[in-house]
Amino acid sequence: MKNTIKISSILLALAIAVAVTACSDKQDTAPGTPDHMDEQNNPSTQPGNAEQVPSVKEGTGTYTGQADPHTVEIVVDGKPTAFQLGDGLDQTVADLQEQDHVQFKYEEKAIEGEDTLKQLVLTEIKKTDSVQGAGQGTDSDTSGKDSSSSASAGGQSDSGDSKSSANSGNVSKRPAEGKLEVTLEGNDEVRPAKLVQAKGYSLYIPEQFSFDAGKHLLYMNIDHEYSVRIEKLPADFNLDQLESQGKEELKPYGEIKKLGEADLTGPMKDALIFLTAFDSSGTHEYIVKKLDGSGFVFHVTQPQREASEGFGPLAFAALNSIENE
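Computed from a prediction, not measured in an experiment: that's the story for all the values here.

### Regarding the pairing of strand 9 (residues 209-212)
- With burial as the criterion, each face of strand 9 is covered, one bearing F209 and F211 and the other bearing S210 and D212.
- Across four bridges, strand 9 lies against strand 10 (residues 217-220) in antiparallel orientation. When the bridges of strand 10 are listed, F209 appears paired with M220.

In structure tokens, the structure reads:
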């Protein structure tokens, strides 16, 4: 009997020892321990969380001056584009003269939550004898292709913009859906677009934009101050008078520059008048163009909050799709 009790006691002691050892092992491997927490909280150790390095691109254009101590404007593909100055470029830019042809390198920094808006930061810039092609991209972005829109037919559907049909008069016979051909970041793209209509005309707009037909205002959804006010002209419009009006309109924004035929490419290459001025608030443009037999004035506002590569090409492609109604 005593032997039986003794054996039972030994077995019980062994069982307790095994249980204690097992608990200790679980505590050593628990995910909540400091070693494991450090791995979980360190983004660099997680797959897919490597820091993204901004892409570097090259471009050529015409230097037109500084908007403020940190921002310069370069006409690229006929479109005045704002660039932030990178480190150490202050003196280099100070040595440039307005209308100098330049070659430059820049980084595109993504803006969180928006695919089409980029912050453009110069890393290098130098004067060159002539503009060697037009374009910002590194991938053969010198073709000078017209990024104008082509309205290829799609299905009939509601435009989805309650403002677009206001004061539009008769319903357009154009397809409710179409496509816009546009060059973004050096790449030719085809973007889906919807038809919007105002009194006397209609146009196709990409999904990043909305249109207020009552105000004749095309604007970006992410920032309504990125906008173009459309003005349809009478048949007997006078270019000299329009140019004077444009200069008066842009006077508050500083020195006014008139872009000539050699400076213009892309959708606005055949503009009759292209005036631009810029200050710390952004770039402002006054453009006269003939579309579908009618004259139009485009009053363009591009703020300085974030440099945008997407606004100009998308807006101009939309404007180029205008037809009379």
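And the narrative resumes.
### Side note on the pattern of salt bridges
- Tallied over the entire structure, the rule returns ten salt bridges.
- The closest approach of N and O atoms between E58 and K105, which form a salt bridge, is 3.9 Å. Highlighted residues: E58 in strand 1 (residues 55-68) and K105 in strand 4 (residues 101-111), separated in sequence by 47 residues.
- Residue class for E58 comes out partly exposed when judged on its relative accessible area of 44%.
- Classification of K105 as partly exposed rests on a relative accessible area of 29%.
- Measuring nitrogen to oxygen at the nearest pair gives 2.9 Å for the salt bridge that ties R191 to E189.
- Given the relative accessible area of 17%, R191 is considered buried.
- By relative accessible area, which is 26% here, E189 ends up partly exposed.
- Connected through salt bridges with shared partners, the residues E243, K247 and K258 form a single ionic network.

### Some details on the confidence of the model for the protein chain
- Looking at the protein chain, the pLDDT average stands at 77 and 67% of residues meet or exceed 70.
- Within the model, pLDDT remains below 50 along residues 164-168, and this stretch shows 16 contacts once partners closer than five positions in the same chain are excluded.

### Looking at the nonpolar core
- Within the largest apolar cluster, 38 residues are counted, with the highest numbers of intra-cluster contacts made by L203, F211, L218, I230, F298, L319 and I322.
- The element best represented in this core is helix 5 (residues 311-319), accounting for seven residues.
- If near-sequence neighbours (up to four positions away) are discounted, I322 is found in contact with R174, Y201, S202, L203, I230, L291, D292, F296 and F298.

### Examining the packing of aromatic side chains
- On inspection of all chains with the given rule, the structure shows eight aromatic pairs.
- Measuring from ring centre to ring centre gives 5.2 Å for F83 and F104, while their planes differ by 65°; the resulting arrangement is edge-to-face. Note that F83 is positioned in strand 3 (residues 79-85) and F104 in strand 4, a separation of 21 residues in sequence.
- With relative accessibility at 0%, the residue F83 sits in the buried group.
- Since its relative accessible area comes to 3%, F104 is described here as buried.
- Relative to F211, the ring of Y201 lies with its centre 6.4 Å away and its plane at 70°, an arrangement referred to as edge-to-face. With Y201 in strand 8 (residues 201-206) and F211 in strand 9, the pair connects residues that are ten residues apart, well separated along the chain. Side by side, Y201 and F211 carry an identical accessibility label, which is buried.

### With respect to the sheet that holds strand 8
- If you trace the four strands from one edge of the open sheet to the other, you get 6-7-8-16, paired in antiparallel fashion. On the outer flanks of this sheet lie strand 6 (177-184) and strand 16 (323-324), each paired with one strand and no other.
- Note: strand 7 (residues 187-198) against strand 8, six bridges, orientation antiparallel. Opposite A193, over in strand 8, you have P206 as the bridge partner.

### Quick look at the sheet that holds strand 9
- In spatial order, the strands read 9-10-11-15-14-13-12; together these seven strands make up an open sheet with antiparallel pairing. Because the sheet does not close on itself, it has two edges, and the strands there are strand 9 and strand 12 (257-258).
- Note: strand 12 against strand 13 (residues 273-279), two bridges, orientation antiparallel. Its bridge partner lying in strand 13, K257 is registered against T276.

### Topic: the pairing of strand 2 (residues 71-76)
- Here strand 2 lies mainly inside the structure; six of its six residues are buried.
- Side-chain alternation along strand 2 places T71, E73 and V75 on one buried face and V72, I74 and V76 on a second face that is also buried.
- The pairing of strand 2 with strand 3 spans six bridges and is classified as antiparallel. Across the sheet, E73 pairs through a bridge with A82, a residue of strand 3.
- Connecting the antiparallel pair strand 2 and strand 3 is a turn made up of two residues, with D77 showing a positive phi of about 55°.

### Digging into helix 4 (residues 239-250)
- Along its twelve residues, helix 4 runs 16 Å from first to last C-alpha, staying within 8% of the 16 Å computed at 1.5 Å per residue.
- Those residues of helix 4 that fall on the buried side of the exposure criterion are L242, E243, G246 and L250. Across the axial projection of helix 4, the buried residues extend over an arc of 100°, all falling on one side. Within helix 4, the exposed residues directed more than 90 degrees away from the buried face are D240, Q241 and E248.
- Each element contacted by the buried residues of helix 4 is listed here: strand 12, strand 13, strand 14 (282-291) and strand 15 (294-303).
- Its side-chain oxygen 2.9 Å from the backbone nitrogen of D240, N238 forms the N-cap of helix 4.

Reading the values: rules and limits
Residues numbered from 1 in each chain as written. Predicted model: local features only at pLDDT ≥ 70, side-chain atom pairs only at ≥ 80, totals over all residues. Heavy atoms only, no water. Buried < 20%, exposed > 50% of the residue type's maximum accessible area, 1.4 Å probe, protein only. Helix = DSSP H or I, 4+ residues; strand = E, 2+ residues; numbered from the N terminus. Pairing = 2+ DSSP bridges. Salt bridge = Lys/Arg side-chain N within 4 Å of Asp/Glu carboxyl O. pLDDT = per-residue confidence, 0-100. Contact = heavy atoms within 4.5 Å. Core = buried A, V, L, I, M, F, W, Y, C linked by side-chain atoms within 4.5 Å. Phe/Tyr/Trp six-rings, centres within 6.5 Å; stacked < 30°, edge-to-face > 60°. Expected span 1.5 Å × (residues − 1). Arc of directions from axis to C-beta. Polar contact = N/O pair within 3.5 Å; in protein donor to acceptor, adjacent residues only side chain to side chain.

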